[in-house]
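Summary of the model geometry
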Amino acid sequence: MKRKMILPAVVLLLAAALTGVLAACADKTENTGVFASGAVPVQDVYGNWGYADSNGEVLIPCEYRSATAFRGGYAAVEAAAGVWYVINTSGERVQGPFASVRIFGDSAVFEDYKTHEYYFYTFSTGERGEGFDGYVYDAENGFVRTVTSTDDNVGGRVLEYRAVKDGVVAGDGTAYYLTGNDVFYELGGKVLTGRRTGSSRYDFTLLDIAEGTTTAYADASVAERDFAVPDTEKLNYIVLSSTNAETGETNNSFISSAAAEPGVADVARIDGTDGLTYVRISYADGQTADKYMLFSAEEVLCELAGDGLTCVGEAFFSLQDGTYTFYTEEGKFTHKPAPAADTTMSVADCAFIGGSTLVVTYGVENSASGETYTQKAAFTSAGVTDLQMFEDMNLTVTDAADGFFVVRNNGTGRYGVADLSGSIVAETVYTGVRPLEGGFWAVKMGGAESVYKTGTGELMPFVFSAVCPEEAL
């Protein structure tokens, strides 16, 4: 009879560790997703930043205070407090020093280290634009607003709006000269500027930044506005009362980031969330029926002839023939739940996880027993996922991205990744999981991070304190 060999625990641990090292040492070179440029920002144990490839090999030494991801073959690094350089994928400093840098792709904004003047720069042509005093980048609506002061004595300034698309800032923008008495309002991807013509009267111009089109409103005043944000004057909607110079007739226009409606008698805000607004529009002709409009910063989500939407949490919804229709900033979702016998369901909460996945919590009541409980469903562009299956596996969904869920094991407190069908694609063994881009994840073990790729596994050993910080992407 053969005697069974029992290995000491230390040997088993060493074998397991060696297996992990060998797995990490396997060549898993990636040139997609966050590794499209060949390297990602990594932080060493001393808090310094550099760049490494998908195998964990340091390509650019960790010697910087901060580092951004490569865009268009270039990245920004902070060599000392407030001293920035632009580097290429070889780590060579090709531009700088600057007081600050923002790289969009082929275009960038540099702040002169000595004069603190800003200017646009195009990498492919080497072209440097005119200087300006400051800027605001609105990533959500895809534009840069620059501000340039003038030499007059009335506080004049020039606002110029430039569209940003695919890493390129438009070479020509639409400029407005504003004196100290002039006003401007931003409504998502539109901007409304007014030049004073009299007491609280202005000649307004509405610019659609993406389309590059303008609409004039002569001798107008602001009749109503909503959701003004201090300092930026960014609005959700505005109502202008303008005068026809020839007829003297007054016309009210409802203007939002998504629509412009003339001939309005009254606008009443019914409800809203941070990103959605629900209003009733009444028309001046006395014949057009009232219209109910739900809109976000980018588009009109729905127009109704009657009031039929309810706001719960971060979504509006309607119910018809047992089917719920949810309206959100991320689009429209429909769901027809199938309640068990003797039960009724109602929407208790709507909340986003991962930016684009809507989780709806239904309240369920059993009319026979009086029992009440909740059920959750997740809505993505791929469809509806019943989250009850994760609860049955003692898992809690904490985040979502690219058609996958970050899940936490309620027993161990460890994190992993699951797909929409409930299959575990990354075991719940990590102390943290953070979505990156395109199926890549930052996974944490203790005080170290690695990059995990769905379908491949860990790409680099756990030797860095941090990889791909959110602010670098």
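Because the structure is predicted, anything quoted here is derived from the model rather than measured.

**Comments concerning the overall build of the protein**
- Helix and strand content of the protein: two helices and 43 strands.
- With respect to the principal axes defined by its C-alpha atoms, the protein has extents near 110 × 75 × 30 Å.
- The long-range share in the protein, meaning contacts at least 24 apart out of those at least 6 apart in sequence, stands at 31%.
- Surface exposure of the protein reaches about 23,600 Å², of which carbon and sulfur atoms provide 47%.
- Here the protein contributes 31 positive and 64 negative side-chain charges, whose respective centroids are spaced 7 Å apart.

**What to know about the pairing of strand S28 (residues 315-320)**
- As judged from the three bridges shared by strand S27 (residues 310-312) and S28, these two strands associate in the antiparallel manner. Bridge assignment links Val312 to a residue of S28, and that residue is Ala315.
- In the sheet, S28 pairs with strand S29 (residues 323-328) via five bridges, with the strands oriented antiparallel. Opposite Phe317, over in S29, you have Phe326 as the bridge partner.
- In this structure, the hairpin formed by S28 and S29 is closed by a connection of two residues, where Asp321 is found at a positive phi of approximately 55°.

**Structural notes on the sheet that holds strand S34 (residues 383-386)**
- Within the open sheet, the four strands sit side by side as S31-S32-S33-S34. Their pairing is antiparallel. Each having just a single partner strand, strand S31 (343-353) and S34 make up the two edges of the open sheet. Adjacent strand axes in the sheet meet at a mean angle of 25°, parallel and antiparallel pairs treated alike.

**Observations concerning the packing of aromatic side chains**
- One pass over the full model with this rule turns up 29 aromatic pairs.
- The interplanar angle of 45° and the centroid separation of 6.0 Å between the aromatic rings of Phe317 and Phe326 together place this pair among those described as tilted.
- The class for Phe326 is buried, based on a relative accessible area of 0%.
- On the numbers, 6.3 Å between centres and 75° between planes, the contact of Tyr430 with Tyr452 is edge-to-face.

**Remarks on the pattern of salt bridges**
- Going through the model one piece at a time under the given rule, you end up with eight salt bridges.
- Two residues, Glu261 and Lys291, come together in a salt bridge whose shortest N-O distance is 2.8 Å. Of this pair, Glu261 sits in strand S22 (residues 260-261) while Lys291 sits in strand S25 (residues 291-295), and the two are 30 residues apart along the sequence. Grouping residues by exposure puts Glu261 and Lys291 together as buried.
- Among the ionic pairs, Glu449 bridges to Arg434, the shortest N-O distance being 3.2 Å. Taken together, the residues span a long stretch of sequence, with Glu449 in strand S41 (residues 448-453) and Arg434 in strand S39 (residues 432-435) at a distance of 15 residues.

**What to know about the side chain of Thr193**
- Examined against the element boundaries, Thr193 turns out to sit in strand S17 (residues 190-198).
- Non-local contacts of Thr193, meaning those with residues more than four positions away in its chain, are made with Tyr176, Leu178, Val183, Phe184, Asp203, Phe204 and Thr205.

**Topic: the sheet that holds S25**
- Taken together, the four strands give an open sheet; going across it, the order is S23-S24-S25-S26, and neighbouring strands pair in antiparallel fashion. Two strands bound the open sheet, and with one partner strand each, they are strand S23 (264-272) and strand S26 (300-304). Ignoring strand direction, the axes of neighbouring strands in this sheet form an average angle of 20°.
- In this structure, S25 lies alongside S26, joined through four bridges in antiparallel fashion.

**As for the environment of His335**
- One can find His335 in strand S30 (residues 331-335).
- Residue classification places His335 among the buried residues on the basis of a relative accessible area of 17%.
- Distance in space between the C-alpha atoms of His335 and His116 is 54 Å, their sequence separation being 219 residues.
- Excluding residues that lie within four positions of it along the chain, His335 makes contacts with Gly322, Thr323, Tyr324, Phe326, Tyr362, Ala377, Phe379 and Val384.
- Here the side chain of His335 touches Tyr362 through a polar contact of 2.8 Å, side chain to side chain.

The rules behind the values
- Within every chain, residues take consecutive numbers counted from 1 along the sequence as written.
- Selection of residues for local features in this predicted model requires a pLDDT of at least 70, selection of side-chain atom pairs for listing and counting requires 80 or more, and totals for whole chains, interfaces and linings are taken over all residues.
- In computing side-chain properties, one takes all heavy atoms of the structure into account and sets aside hydrogens as well as water.
- Numbering of helices and strands runs from the N terminus; a helix is a DSSP stretch of H or I covering at least four residues, while a strand is a stretch of E covering at least two.
- Note on contacts: a residue pair is in contact if any heavy atoms of the two residues lie within 4.5 Å.
- The accessible surface values rely on the Shrake-Rupley method and a 1.4 Å probe; as for residues, cover is taken only from the protein chains in view.
- In this tally, Lys and Arg are treated as positive and Asp and Glu as negative; His is ignored, and so are the chain termini.
- The atom standing in for a charge is NZ when the residue is Lys, CZ when it is Arg, CG when it is Asp and CD when it is Glu.
- Here, strands pair whenever DSSP counts at least two bridges between them.
- Helix axes are fitted only over the stretch in contact, all axes being lines through C-alpha atoms; the angle between N-to-C directions runs from 0 to 180 degrees.
- Stacked, tilted and edge-to-face are the three classes assigned to paired rings of Phe, Tyr and Trp, where Trp is represented by its six-membered ring and a pair needs centres within 6.5 Å; plane angles under 30 degrees give stacked, over 60 edge-to-face, the rest tilted.
- Only protein chains enter the calculation, and the probe is 1.4 Å; a residue is then buried if its accessible area is under 20% of its type maximum, exposed if over 50%, and partly exposed in between.
- The term salt bridge refers to a pairing of a side-chain nitrogen on Lys or Arg with a carboxyl oxygen on Asp or Glu at a separation within 4 Å.
- We call two N or O atoms a polar contact when they sit within 3.5 Å, provided that within protein one can donate a hydrogen and the other can accept it, with sequence-adjacent residues counted only if both atoms are side-chain atoms.

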